[in-house]
Amino acid sequence: MIHQYQNNGFNIVLDVDSGSIHLVDGLSYQLIADLDKDRTLSDDTLVGEYEEKYPESEIRESLSEIHSLEKAGQLFTEDIYKNAVIDFKARPTVVKALCLNVAHDCNLACKYCFADEGSYNGGPKGLMSYEVGKQALDFLVAHSGHRHNLEVDFFGGEPLMDWAVVRKLVAYGRSIEKEKDKHFRFTITTNGVLLNDEIMDFCNREMDNVVMSLDGRKEVHDHMRPFPSGKGSYDLIIPKFQKFAAQRKALGLQYYIRGTYTHYNLDFAQDVIHYADLGFDQLSMEPVVAPQSADYAIRPEDIPVLKEQYDILAKEMIRRQKEGRGFTFFHFMIDLTGGPCVYKRLSGCGSGTEYLGVTPWGDLYPCHQFVGNQKFLLGSVFDGIRRTDIVDEFKCCNVYSRKECSSCFARYYCSGGCAANSYNFHGRIDDVYEIGCELERKRVETAIMIKAALAKEN
Amino acid sequence: MKHIQTLSTRSLQESMKKGGCGECQTSCQSACKTSCTVGNQVCEQLKKN
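(A) Structural view of the overall build of chain B. Along its length, chain B carries two helices and one strand. Secondary structure elements of chain B, listed N to C terminal, follow the sequence β-α-α. Element-wise, carbon and sulfur atoms account for 52% of the exposed surface of chain B, whose accessible area totals about 2200 Å².

Below is the structure:
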């Protein structure tokens, strides 16, 4: 499968099934498009078609390059992975990551919160006890097979509301690593309200990644992320996030400033640029996922505006990179040479099988997005997974189980999309969320364009 | 090549031969949490080498 597009002055040809990316001149762009439509076209026919616009020698030279890429398995390749991926998904799986919802409570009242300010579908509020968390870590170790690296994200609600337990759980995890031959990669996602020097120091020692929630410009952030009183949270958290990020940057540690954009800030590129202007350099900003009835939901008619915003952001990133003050943007990060294998790319996100969400009371769900939906309650960390039928359903979820993915060039980059988004919009986990797909395709295209632009520069 | 510049990429066909170890990060365990992105993740095997 071929995907061709033009962006920022580049003619880009993606040979989807091999992962090859070609930057081509205008003539080759047209020739590849013609050959993609009809592979029986001869060189002589194509020369005849274009000889009024281009010298024959140029056309034959371009065709020769196209044919050599085809021979090298870098152009006009086919999807040969289906059976291998289906077999891969059918293998016995291990649990390798937990999202530990240590707090079903929050000190902010963000308007778009999918966790309903910590109550997750109107459930009770509460904090995870050390005993439940310890059992969750034991459950993870016991179900992780030979997998060495185990990931645990402290999430919520706001996990710093249960900080004493987080500290103890990290200490417990570290205490069993050697004996169990495992390594925990702890991460935490926080709104920053309770962040202090002691917490920063601890996280710098123990957390592989820290995700700090910030929506961008003060007026944007304060509109969507107020305290329950209605007061904005921007002024309180910014100095703490700046200090924390600077420390982690100096130590070579990962962090993300992560935001959510909504219908109220369709010019979200300005919010990402605002992050960079505040001194942050590891950035992420995602579209809100909300029912169309929500006033802040992304609407189909917003999509052209949003796509333009990704272009604006990309051009600014390239400019700053060239000036030596670049920053990374999560959705534009594509590792072309060291990225994941094709199994990972096609076998889905791992929710319900390798990755599970845990409530403060130890209940297990397919991921954090399903928490609180009783239809998806899998079991608990105390008595294990009871609903193996639901796990089996998630096991069958992959790119090939979603018919829309078969004609989509982005399938090797998104792995078929989010099962929870699919469920929330279509009532089933193996469908697609169309607005999310449109934006993902644009992000992949733009990310590749940035690679092209920087490759040309070098 | 004069007309075509190919960016260096990991061959997906080749990755089928030795891939599938499962040591890589789960998709949402990063800065994601509401979408699904794998293209930006790093292969643990390649990271070791």
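(B) Highlighting the interface of chain A and chain B. Contacts between the two partners involve 82 residues from chain A and, on the opposite side, 42 residues from chain B. A per-residue breakdown of the area chain A buries against chain B is headed by Glu65, Phe330 and Lys344 of chain A, which together make up 11% of the total. Run the count over chain A and chain B and you get four salt bridges. Between Lys2 of chain B and Glu61 of chain A there is a salt bridge whose closest N-O contact spans 3.1 Å. The tally of links between chain A and chain B comes to 30 residue pairs in polar contact (both at pLDDT 80 or more).

(C) Inspection of the nonpolar core at higher detail. Counting 145 residues, the largest nonpolar core has Leu100, Phe154, Met207, Leu214, Phe280 and Phe370 of chain A as its most contacted members. Counting residues per element, this core draws most heavily on helix H16 (residues 434-457) of chain A, at nine residues. Setting aside residues no more than four positions away along its own chain, Leu214 of chain A makes contact with His221, Tyr234, Ile237, Ile238, Phe241, Ile257, Arg258, Gly259, Tyr275, Leu278 and Phe280 of chain A. One finds Val13, Leu46 and Phe76 of chain A together with Ile4 of chain B within the second-largest nonpolar core, a separate group that totals 18 residues.

(D) Spatial organisation of the sheet that holds strand E2 (residues 10-15) of chain A. Taken in spatial order, the four strands of this open sheet run E1(A)-E2(A)-E3(A)-E1(B), and their pairing is antiparallel. The open sheet is flanked by strand E1 (2-7) of chain A together with strand E1 (4-7) of chain B, the only strands paired with a single partner. With strand direction ignored, the average angle separating the axes of adjacent strands in the sheet is 25°. With six bridges connecting them, E1 of chain A and E2 of chain A associate as antiparallel partners.

Quick notes on the rules
- Residues numbered from 1 in each chain as written.
- Chains lettered and ligands numbered in written order.
- Predicted model: local features only at pLDDT ≥ 70, side-chain atom pairs only at ≥ 80, totals over all residues.
- Heavy atoms only, no water.
- Helix = DSSP H or I, 4+ residues; strand = E, 2+ residues; numbered from the N terminus.
- Areas by Shrake-Rupley, 256 points an atom, 1.4 Å probe, with all protein chains shown as cover.
- Contact = heavy atoms within 4.5 Å.
- Buried area = accessible area lost by both parts, 1.4 Å probe.
- Salt bridge = Lys/Arg side-chain N within 4 Å of Asp/Glu carboxyl O.
- Polar contact = N/O pair within 3.5 Å; in protein donor to acceptor, adjacent residues only side chain to side chain.
- Core = buried A, V, L, I, M, F, W, Y, C linked by side-chain atoms within 4.5 Å.
- Buried < 20%, exposed > 50% of the residue type's maximum accessible area, 1.4 Å probe, protein only.
- Pairing = 2+ DSSP bridges.
- Axes fitted to C-alpha atoms, helices over the stretch in contact; angles between N-to-C directions.

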